[in-house]
Amino acid sequence: MCDTLRVRWTVTPKTAPQPWISCSGCGGMRAFQSSDKIRLNANGRKLDAWLIYKCLTCDKTWNRPLFERQNISDIDPAILEALHSNDIRWIRAESFNLDAIRRKAQRIDEFPEFDIAREVLRETAGWTRLEIELVVPLPAGTRLDRLLASELKLSRSRLQTLHEKGLLLTNPDRPDILRRRIKTGVEVTIDPGTTGDRELSWRPLATGSPR
């Protein structure tokens, strides 16, 4: 729409999930943190790969299996290269693989802190609507209402009121969307009120730029 300020927020969580595992060093359940290191073991044409974690209390290591006895010819070449080079981007993505972690740990600590990059996609003079497109490259433990409240300096109760009055719309449109985790593809459209309020308050918060 021509009356819209449209921005993209790329939200990246800072800290990877931390599984709780029985620690042989501590003698009980402890939180483990990814070391961002891969361990490999080759046996003929088969390969084992683990992501190495460390106990936050005693530094004892735990190897989370990525795959075991996998035929090298069956491994995606890009993944194989990432494993051999300890590609930090690939490893970090794997450290956020909640489905895989849940298969090994009954308790997982997640963290709300995140980095956010803002990009203006479209802006017209006298805009009356704010559209926010979310990109979330890694699973984040942040709810939509908490994200909007922290970045737009609004209370969650005001956000809920705006939603109930139809002044805050979401895609997908569902009653509990504000309480759900943020994901790539979620879009939020807000009617920010008066012109002065839009330019002096909403725009800098939405774009990260004073002008």
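Residues numbered from 1 in each chain as written. Predicted model: local features only at pLDDT ≥ 70, side-chain atom pairs only at ≥ 80, totals over all residues. Heavy atoms only, no water.

A. Structural view of helix α5 (residues 156–164). The complete set of buried residues in α5 reads Leu-159, Leu-162 and His-163. Along the axis of α5, the buried positions cluster into a sector of 100°, meaning they face one direction only. In α5, the exposed residues that point more than 90 degrees away from the buried face are Ser-157 and Glu-164. The elements touched by buried residues of α5 are α4 (144–152) and β9 (168–171). Looking one or two residues past α5, Gly-166 carries a phi angle of roughly 80°, positive in sign. (Buried < 20%, exposed > 50% of the residue type's maximum accessible area, 1.4 Å probe, protein only. Helix = DSSP H or I, 4+ residues; strand = E, 2+ residues; numbered from the N terminus. Arc of directions from axis to C-beta. Contact = heavy atoms within 4.5 Å.)

B. Fine view of the environment of Leu-134. Among the secondary structure elements, Leu-134 is positioned in strand β8 (residues 129–135). What makes Leu-134 buried here is its relative accessible area of 2%. Measuring from C-alpha to C-alpha, the distance between Leu-134 and Lys-183 comes to 6.9 Å, with 49 residues separating the pair along the chain. If we skip the residues at most four places from it in the chain, Leu-134 touches Trp-9, Leu-144, Leu-147, Ile-182, Lys-183, Thr-184, Gly-185 and Val-186.

C. Representation of the pairing of β9 within the structure. By the alternation rule, side chains of β9 split into Leu-168 and Thr-170, which are all buried, and Leu-169 and Asn-171, of which none is buried. One ladder, built from four bridges, connects β9 with strand β10 (residues 187–190); its direction is antiparallel. In the strand pairing of β10, Thr-170 is matched with Val-188. (Pairing = 2+ DSSP bridges.)

D. Region of the structure containing the pattern of salt bridges. Overall, the coordinates contain 17 salt bridges when judged by the stated rule. A salt bridge links Glu-131 to Arg-6; the shortest N-O distance between them is 2.6 Å. Of the two residues, Glu-131 is situated in strand β8 and Arg-6 in strand β1 (residues 4–13); the sequence distance between them amounts to 125 residues. Residue class for Glu-131 comes out buried when judged on its relative accessible area of 11%. Its relative accessible area of 13% is what places Arg-6 among the buried residues. The shortest N-O distance in the salt bridge between Arg-203 and Glu-123 comes to 2.7 Å. Here the residue Arg-203 occupies a position in helix α6 (residues 195–207), and Glu-123 occupies one in the loop between β7 (114–122) and β8, the gap between them amounting to 80 residues. Classification of Glu-123 as partly exposed rests on a relative accessible area of 34%. The network of salt bridges with shared partners includes Arg-6, Arg-8, Glu-119, Arg-129, Glu-131, Glu-133 and Glu-187. (Salt bridge = Lys/Arg side-chain N within 4 Å of Asp/Glu carboxyl O.)

E. Inspection of the side chain of Glu-151 at higher detail. Looking at the element boundaries, Glu-151 is found in helix α4. On the basis of relative accessible area, Glu-151 is assigned to the buried category, the value being 14%. Side-chain polar atoms of Glu-151 contact the side chain of Ser-150, separated by 3.3 Å. Those residues in contact with Glu-151 that sit more than four places away from it in its chain are Trp-9, Phe-114, Ile-116, Arg-118 and Leu-205. (Polar contact = N/O pair within 3.5 Å; in protein donor to acceptor, adjacent residues only side chain to side chain.)

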